[in-house]
Amino acid sequence: MRTYYFTFLAAFFLFVNIVSGQKSQKLGNATFKFSNNTLEVSTGKVERKLFWTGKGFITTSYKNLGSNKEWATLKPVYHSDWGLPTKIDSTSSARLLSVECVQTDDEHFTSKHLLVTALMQYKSGLDVKYLVRIYPDSPGIWTALEVKANASFSPQGVPEDLGTKKSYGSNQPVKIARNEFIPIDFSKENKRTYWGIYNNPGNRVNTENMVEERTVTGFPIFQDEQNTWANGLNIQFEDDGFILLKESNKTVNKYGHQTGAFYCTPKGVEVTGWGLKPDEISSDFKRIWATWTIAYTGNNDNMQLALKEFDRVRYPVNIERDMHILIDTWGSDWQNEDYNKIYGRENSEFSVIEKEIKSASDLGIDIVRIDDGWQEGRTKSKKSWHPNTKVGYDTDWGKINKLSKNYNVRIGLWAAILHITPEELFTNQEKLGVATWKFDFDKLEDHDAFANRVKGVREFIKKTGYTTQTSWCPEYDDQRYGWYSPVRECGPMYFQNIQNNLPTHLAYVPYITLRHHWMMSKYYNMNDLQCHWQNPSRTNPKYSDAYLHSQSYAALSAFMTAPSCFMLTQLLKPKEREELRKIIGVYKENRKEIFESYVFPIGDEPNNASWTGFQIHHPNKKTGYLMVFRELHNEEKTKEISLKFLKNQSVKLIDLERKQKLPEILSTIDGKIKLNINNKAGYLFLKYEIQ
């Protein structure tokens, strides 16, 4: 065991309350051990060792057990991996009161794991719990703090949030509360890639990106390299990489609530931002933003896989509850050849929903989600969240329940989360058995607002016996959830509104929708993201070239996600229904395997003239899927596409719509295969079998 003993520790041993005895625990390949002031945790794939200094725990080793790559190669510069300026720093002392470990799945809101809780008390008046989640066989480790103020604590002197200080006329950053520190040595050649996902996706339904990326290659690092907008950081040294991710509500264009920054420094990498401003630290334990640390071996493909593998153990999906195709009733705002008439709430009247349930059943769609308009009051009304009898509903959802049962189509509901009460939420759930809720018009501008939202929805889901899920809407520019935050314990993120007419900034453009999905799939598990497609033939040609694309092309552009059509399917023409029914049927025959796998972007970035698409792959399976698109302005009938994880593999391709095997293809040393699509705005929906 490699343990660093520092001369500065000697002065503090008088103040260390040593927790006597050795403790250990095991869950599958996950292990925990605490002995002689050393905490050792392992998932079976990564191992981390931390030493108690009398001021906190410091990381002395972080190892990728597959490659034996050691990441913590410098002596830690801090006395604790976490810190709070003027309260937990090099002058602070603490007593370690207990170190405990239990097996848990956090009330079924995450995968089963070992939870380590180290409780300590600082002389500055803070009680701190250091939490470590050890998920068996995962490529990473989850850490967080819970913080409580005692009577002697004063927030005075603690910086409220990110700021700057003047230095020779320059504005230099002031660091705030530190979450995590790993003593990585940046003196050798490396590259650092920061990425983040934007908020307000509805207002990015144009040529705006959804993902921001920045790669820095300079080394050594002589000055602190600060990044305040990223969700994640990937550090690459030759064939090994290390990922740090903020489990917060930060987005590229919305800083969030005290979400801090990443710092790559001469002494290591650190993460700041507790999500607790000084005056929010109270006499109750409050959870700070957690951090993921993930180690992997390989290239960028392996990085994407490792991130998604950890994301899935942190936010597992329930196949029976979460795997579905749904329609959302709002998006068909042009219906009767009149572009000047905007439809919205009218789409949620009973007469429309009755037709839509029958239509969804015919097409093989699982859920009809009734958007704004089903309730008695207006969008932001209070105490009005019961069925509106003025638009055809009965008070107890009786007619809808009967239709749902007769046509085997489940029902979802939309709600303005700030205005529906917990009692109204549960009453509608109890009467209707809602399959999925879409929550909209939220504002989460401080720690308690966010924590209470998660707590309240968790309580609601537990009360339903885990029979429903929530879909979190990040539309508009309000501060809401971020993309990796704990709201995902309760259900998927809702991606973006795309409509067929007005407002013009939401008009469906196939290549832009495809590009957004393609970019998101680099850093996100797409089965935990509800993504839309729209009716191309009813999209206003004044604002889009959607009318030049088929129904199946539009649908397939969402089938690598949790697909949701933002339209009324009852408006489809007979031939369109036949086409859509066919592609939905093929998808549903394969969707369980698709849903259980991981999605990766392949080909070129969509720009309306690319060969592009998605590879659906699982490292433990011998099969996968390809969804490949030849865009509208591409002139090439044949294209060589690079695939992931299939170098030097012999594969058979199956055309799923035509139900025929293509000739056996031996992938080249570069993992490329040659594909053919005869028509522009055409596609291939393929399954591959590794021989």
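Since this is a predicted model, take the numbers as computed values, not measurements.

Now for the sheet that holds strand 6 (residues 69-70). Here we have 6 strands laid out as an open sheet, ordered 1-2-3-4-5-6, and antiparallel in their pairing. Since the sheet does not close on itself, it has two edges, and those belong to strand 1 (23-27) and strand 6, each with one partner.

Here we take up helix 1 (residues 300-314). Its 15 residues give helix 1 an end-to-end C-alpha distance of 21 Å, which sits within 8% of 21 Å, the value for a rise of 1.5 Å per residue. Buried residues dominate helix 1, accounting for 12 of its 15 residues. What helix 1 keeps buried is the set D301, M303, Q304, L305, A306, L307, K308, E309, F310, D311, R312 and R314. The backbone nitrogen of D301 lies 3.0 Å from a side-chain oxygen of the residue at the head of helix 1, namely N299.

Before going further, it helps to spend a moment on the packing of aromatic side chains. The full count for this structure, using the stated rule, is 34 aromatic pairs. Both rings, one in W374 and one in W397, keep their centres 5.5 Å apart while their planes meet at 45°; by these two values the pair is tilted. You can see W374 sitting in the loop between strand 24 (367-370) and helix 4 (398-407) and its partner W397 sitting in the loop between strand 24 and helix 4, a full 23 residues away along the chain. For the pair shown, W374 and W397 are each scored as buried. Between the aromatic rings of Y393 and W397, the centroid separation amounts to 5.3 Å while the plane-to-plane angle is 65°, which identifies the pairing as edge-to-face. By the burial criterion, Y393 is buried, and W397 matches it. Three or more aromatic residues link up through ring pairs in this structure, and these residues are Y135, W292, F310, Y315, W483, Y484, F495 and Y524.

Here we come to the packing of helix 3 (residues 350-363) against helix 9 (residues 574-596). Contact pair helix 3 / helix 9: the axes reach a minimum separation of 9 Å and the direction vectors enclose 55°. Here helix 3 lies oblique to helix 9, going by the angle between them. Contact residues: helix 3 offers S359, D362 and L363, while helix 9 offers R577, L580, R581 and I584. Across the contact of helix 3 with helix 9, the residue classes break down as 3 nonpolar, 1 polar and 3 charged.

About the cut-offs
Residues numbered from 1 in each chain as written. Predicted model: local features only at pLDDT ≥ 70, side-chain atom pairs only at ≥ 80, totals over all residues. Heavy atoms only, no water. Pairing = 2+ DSSP bridges. Helix = DSSP H or I, 4+ residues; strand = E, 2+ residues; numbered from the N terminus. Expected span 1.5 Å × (residues − 1). Buried < 20%, exposed > 50% of the residue type's maximum accessible area, 1.4 Å probe, protein only. Polar contact = N/O pair within 3.5 Å; in protein donor to acceptor, adjacent residues only side chain to side chain. Phe/Tyr/Trp six-rings, centres within 6.5 Å; stacked < 30°, edge-to-face > 60°. Axes fitted to C-alpha atoms, helices over the stretch in contact; angles between N-to-C directions. Parallel < 35°, antiparallel > 145°, perpendicular 65-115°, else oblique. Contact = heavy atoms within 4.5 Å. Nonpolar A, V, L, I, M, F, W, Y, C, P; charged D, E, K, R; others polar.

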